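Commentary on secondary and tertiary structure
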Amino acid sequence: DLDETLLMAHTVDSLAQRIRRVNATRESKAAELRSLDSSPNPGMTPEQLEERFQALGCEMALLEAEAALLQADFDMLDSYRRDPQCRVPVKGPGGQARMVDPTWEKARTSRGEEVARPVVRLELQGRPLVITRINPESKSTSVLLRPRAGWGALRDYLSGMEDVRGGAARKQRWEVFICTTAEKEYALEAWRLLDPEASLFPHAELASKRMLCVPHPQKKDLLNVLRWEQVHAVMLAEPQGQSLMVTDEMRASKPELDTAAMSVIIDDRADVWEEASRKALLQVMPFHPHKEAAALDMGAGSAPAAQYTAARDSEGELQRVVSTLRELRSKFYAELDLNIKPEAARLVSTGILEQYQALPLEILSPFTPMSQLLATSSFPPPAALGQTEREDRASDLRLLANDSTMLTSAAAAAAAWPAGAEKAAADTGAAGRGAS
């Protein structure tokens, strides 16, 4: 998933609307405070009244801090949008602002055309942000992205780059795909910024093999993601149809390894997925950078306890994802080594390969699907997202969709399965598609 899982993206308009919403909520809290203060009989005991006063004061301070962080991002993005050179003002230690120039980075559109985008990368108070322009010719497509803490560690684990940084040979752990309801130009740029070194897969594969854009109101389907290369070919042959459904012919050509059963979905939402796909969902807490940063900056003694705890949990969410993926991969290969490989070796020793060019996997004992391994994993279920907050974000998404040149802010998903399964099968004489 991209938006609210790995990052949060905003335009100037969506930031302005979010600021108004936060200020309106703060004003409603202030009105309640004034009402309680002026009421001769508020219907509470003195202890309850004092507790409510303190709670409202903490909530108002948190909202004020969140609004200030949103305003700071608005000011930077608005300056970038208006400045002919796409510069961004950044305050230094003494309070003096300095202008940061963009770096013009080459990228490719969904049509394969090369463009140069003005990109500003910053890290303020230990929190990274990136500003870019999806269409370099259109100021309204300027976007500010806040990557989630822990994304670098997750990317390095998935790609095997953590081995390289530790002085060992690189071994990619999982194959990664993206499934999104966003307009493709935004999604392509968001992923390029998240993985600028193309450590997970070549950027040339992104549009045709790795990223599936699902039009509303269709739901995401894991099989569609895994068969995207075939679906993409069908769409190119029938551009008017824009069908994202797996055809009967595709279903008939079942891969030798059940890649769907070897897959894990990382997303903050379950309702955007088909029912059959949800069994493979590793659902994470949604990412709200400004609210979380406000609570963390206030500290445990000043911020509302529930919001501070949620912010701390969210800050470590992707680290927990890494731990869970390690656990799942370890269980998968333990079963492969203890059960499936010895059985395959026994069958090979009986001379079965005289009848088959490759060992048919259907005669082997089935491996445990990732969905079952996930159900017994140590990953905690996410806290339920409040209905008001979900409605607020839905409003943000509608606002981001107003510009016809770019539908920003995706509900996207990365589906992955363990890399190296094909080699493990080949070691025993079995042939299969495996992770590819």
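Residues numbered from 1 in each chain as written. Predicted model: local features only at pLDDT ≥ 70, side-chain atom pairs only at ≥ 80, totals over all residues. Heavy atoms only, no water.

1. A short note on the pairing of strand 7 (residues 142-147)
Along a regular strand, successive side chains alternate from one face of the sheet to the other. Test applied: Exposed residues in this analysis have more than 50% of their type's maximum accessible area, buried residues have under 20%, and partly exposed residues fall in between, with area computed by a 1.4 Å probe over protein chains only. Strands here are runs of E lasting at least two residues and helices are runs of H or I lasting at least four, both read from the DSSP assignment and numbered beginning at the N terminus. Should DSSP find at least two bridges between two strands, the strands are taken to pair.
In terms of burial, strand 7 is largely enclosed, as 6 of its 6 residues are buried. Taking every second residue as pointing to the same face, both faces of strand 7 are buried, with Ser142, Leu144 and Arg146 on one and Val143, Leu145 and Pro147 on the other. Both strand 1 (residues 7-10) and strand 7 contribute to a ladder of 4 bridges, which runs antiparallel. Looking across to strand 7, one finds that His10 is bridged to Leu144.

2. Here's the deal with the sheet that holds strand 7
Hydrogen bonds between backbone groups are what pair the strands of a sheet, and the pairing can be parallel or antiparallel. The line we're drawing: Angles shown run from 0 to 180 degrees and are taken between the N-to-C directions of axes, each axis being a line fitted to C-alpha atoms and, for helices, limited to the stretch in contact. By definition in these notes, contact holds between two residues if any of their heavy atoms fall within 4.5 Å.
Taking strand neighbours across the sheet as the criterion, the 5 strands line up as 1-7-6-5-4 in an open arrangement whose pairing is antiparallel. Each end of this open sheet is capped by a strand with a single partner; those strands are strand 1 and strand 4 (103-108). Sheet twist, expressed as the average angle between the axes of neighbouring strands with direction ignored, equals 30°. Here 4 bridges tie strand 6 (residues 127-133) to strand 7, and the two strands are oriented antiparallel to one another. The residue bridging Ile131 from the neighbouring strand is Leu144, located in strand 7. Each of strand 1, strand 6 and strand 7 is contacted by helix 10 (residues 289-298), which is oriented at about 155° to strand 6, the strand it contacts most.

3. Quick notes on helix 11 (residues 305-315)
Note the cut-off: The arc under discussion is defined with respect to the helix axis, by the directions toward the C-beta atoms.
Those residues of helix 11 lying buried are Tyr308, Ala311 and Ser314. One face of helix 11 carries all of its buried residues, which in axial projection span an arc of 130°. Seen from the buried face of helix 11, the exposed residues on the opposite side, beyond 90 degrees, are Ala305 and Ala306. Structurally, helix 11 contributes buried residues whose contacts are with helix 10 and helix 12 (317-349).

4. Quick look at the packing of helix 1 (residues 12-38) against helix 2 (residues 46-82)
What counts, and what does not: Oblique is the label for any angle not covered by the other classes, which are roughly parallel (under 35 degrees), roughly antiparallel (over 145) and roughly perpendicular (65 to 115). Whether a crossing is left-handed or right-handed is set by the direction in which the near helix is turned from the far one by less than a right angle, anticlockwise for left-handed and clockwise for right-handed. Residue classes follow a fixed rule: Ala, Val, Leu, Ile, Met, Phe, Trp, Tyr, Cys and Pro count as nonpolar, while Asp, Glu, Lys and Arg count as charged, and any other residue, Gly among them, counts as polar.
For the pair helix 1 and helix 2, interaxial distance at closest approach is 9 Å and the crossing angle is 160°. Regarding the angle of helix 1 to helix 2, the classification is roughly antiparallel. Classified by chirality, the crossing of helix 2 by helix 1 is left-handed. Here the contact of helix 1 with helix 2 is composed, by residue class, of 17 nonpolar, 3 polar and 12 charged.

5. Some points on the pattern of salt bridges
For clarity, the cut-off: A carboxyl oxygen of Asp or Glu within 4 Å of a side-chain nitrogen of Lys or Arg is what we treat as a salt bridge.
Summed over the entire model, instances satisfying the criterion amount to 30 salt bridges. In this structure, Asp156 engages Arg155 in a salt bridge whose closest nitrogen and oxygen atoms are separated by 3.9 Å. We note that Asp156, like Arg155, is buried. Its salt-bridge partner being Glu275, residue Arg278 comes within 3.0 Å of it at the nearest N-O pair.

6. What about the nonpolar core?
The line we're drawing: Put simply, a nonpolar core is a bunch of buried Ala, Val, Leu, Ile, Met, Phe, Trp, Tyr and Cys residues held in one set by side-chain atoms that sit within 4.5 Å of each other.
If you look at the biggest cluster of nonpolar residues, it comprises 48 residues, and the most contacted ones within it are Leu154, Trp191, Val321 and Leu325. With 9 residues, the top contributor of residues to this core is helix 12. For Val321, the residues in contact, after removing those within four places along its chain, are Leu154, Ile266, Leu282, Val284 and Phe379.

So yeah, pure geometry; function would need other evidence.
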